[in-house]
Amino acid sequence: EAQVTQNPRYLITVTGKKLTVTCSQNMNHEYMSWYRQDPGLGLRQIYYSMNVEVTDKGDVPEGYKVSRKEKRNFPLILESPSPNQTSLYFCASSPLDSRLGEQYFGPGTRLTVT
Amino acid sequence: AQSVAQPEDQVNVAEGNPLTVKCTYSVSGNPYLFWYVQYPNRGLQFLLKYITGDNLVKGSYGFEAEFNKSQTSFHLKKPSALVSDSALYFCAVRDALYNQGGKLIFGQGTELSVKP
């Protein structure tokens, strides 16, 4: 089954404790992206990657890091989480050669930073 | 800058009645427009898109959307609502600039509630 998976689905942590949210897709997509969803703000892009070893900032990159060492994986790293990073996070992927097509989203990771 | 607005935080309709979820956009160049739906505790699911061509676009689950260039709108519609349509709906526009990689810019979302 074609899908985007994220782990963990739920995470409660404390300020300053490094964490990683994993994202993996099995569709051989070049383009991958991370969004955060906050009430009243919709989804905002954090980082994106157009292929292996090619990443760039989205609209709200502060406090986040990403890497793209393999085509299928695109982990999101919070080196020192803060309470304002409490949010619902989505990973998405799509083929690069059909940028006008839809993106496929993972199930989401609900992060709480206390 | 490109942007999307969904003027209603919540839409309430009775089952069997037609529904409309509104979306307006602001883009430079051609608009590439999308609707996604989010059910509770689930990721976003693609409903439909407008790239070019016919202004009336048909999508999944009986939904359709009408692209109106003069009003810069892309309203989502369904002739007869079901209770199972209750969910959070997002309108999005794709930033088609190459160096943006096709980023989606989302509206703030509209909660649709369909009552029996």
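Just so it is clear, the structure is predicted and the values come from calculations on it, not from any experiment.

A. Local environment of the state of the cysteines. Residues and elements named next belong to chain A. By the definition in use, this model includes two disulfides over all chains. Linked covalently through their sulfurs, C23 and C91 form a disulfide whose S-S length is 1.8 Å. Looking along the S-S bond of the C23-C91 disulfide, the torsion reads about -70 degrees, which is the left-handed sense. Linking C23 in strand β3 (residues 19-25) with C91 in strand β9 (residues 87-94), this pair joins segments that are 68 residues apart in sequence. No difference in accessibility class separates C23 from C91, as the two residues are buried.

B. Representation of the interface of chain B and chain A within the structure. Every contact between the two is made by 24 residues of chain B and, on the other side, 24 residues of chain A. Across the chain B/chain A interface, buried area totals approximately 2000 Å², and carbon plus sulfur atoms make up 53% of it. In this structure, the connection of chain B to chain A is made through one salt bridge. The partner of A:E102 in a salt bridge is B:K49, with the nearest N and O atoms 3.5 Å apart. Viewed at the interface, chain A and chain B are joined by four residue pairs in polar contact (both at pLDDT 80 or more). Looking at the side of chain B that touches chain A, the elements that each hand over two or more residues are β5 (33-38), β6 (44-50), β10 (87-94) and β11 (104-106) of chain B. Residue composition of the side of chain B that touches chain A, by class: 11 nonpolar, nine polar and four charged.

Each value, and the rule that gives it
- Residues numbered from 1 in each chain as written.
- Chains lettered and ligands numbered in written order.
- Predicted model: local features only at pLDDT ≥ 70, side-chain atom pairs only at ≥ 80, totals over all residues.
- Heavy atoms only, no water.
- Disulfide = S-S within 2.5 Å.
- Helix = DSSP H or I, 4+ residues; strand = E, 2+ residues; numbered from the N terminus.
- Buried < 20%, exposed > 50% of the residue type's maximum accessible area, 1.4 Å probe, protein only.
- Contact = heavy atoms within 4.5 Å.
- Buried area = accessible area lost by both parts, 1.4 Å probe.
- Salt bridge = Lys/Arg side-chain N within 4 Å of Asp/Glu carboxyl O.
- Polar contact = N/O pair within 3.5 Å; in protein donor to acceptor, adjacent residues only side chain to side chain.
- Nonpolar A, V, L, I, M, F, W, Y, C, P; charged D, E, K, R; others polar.

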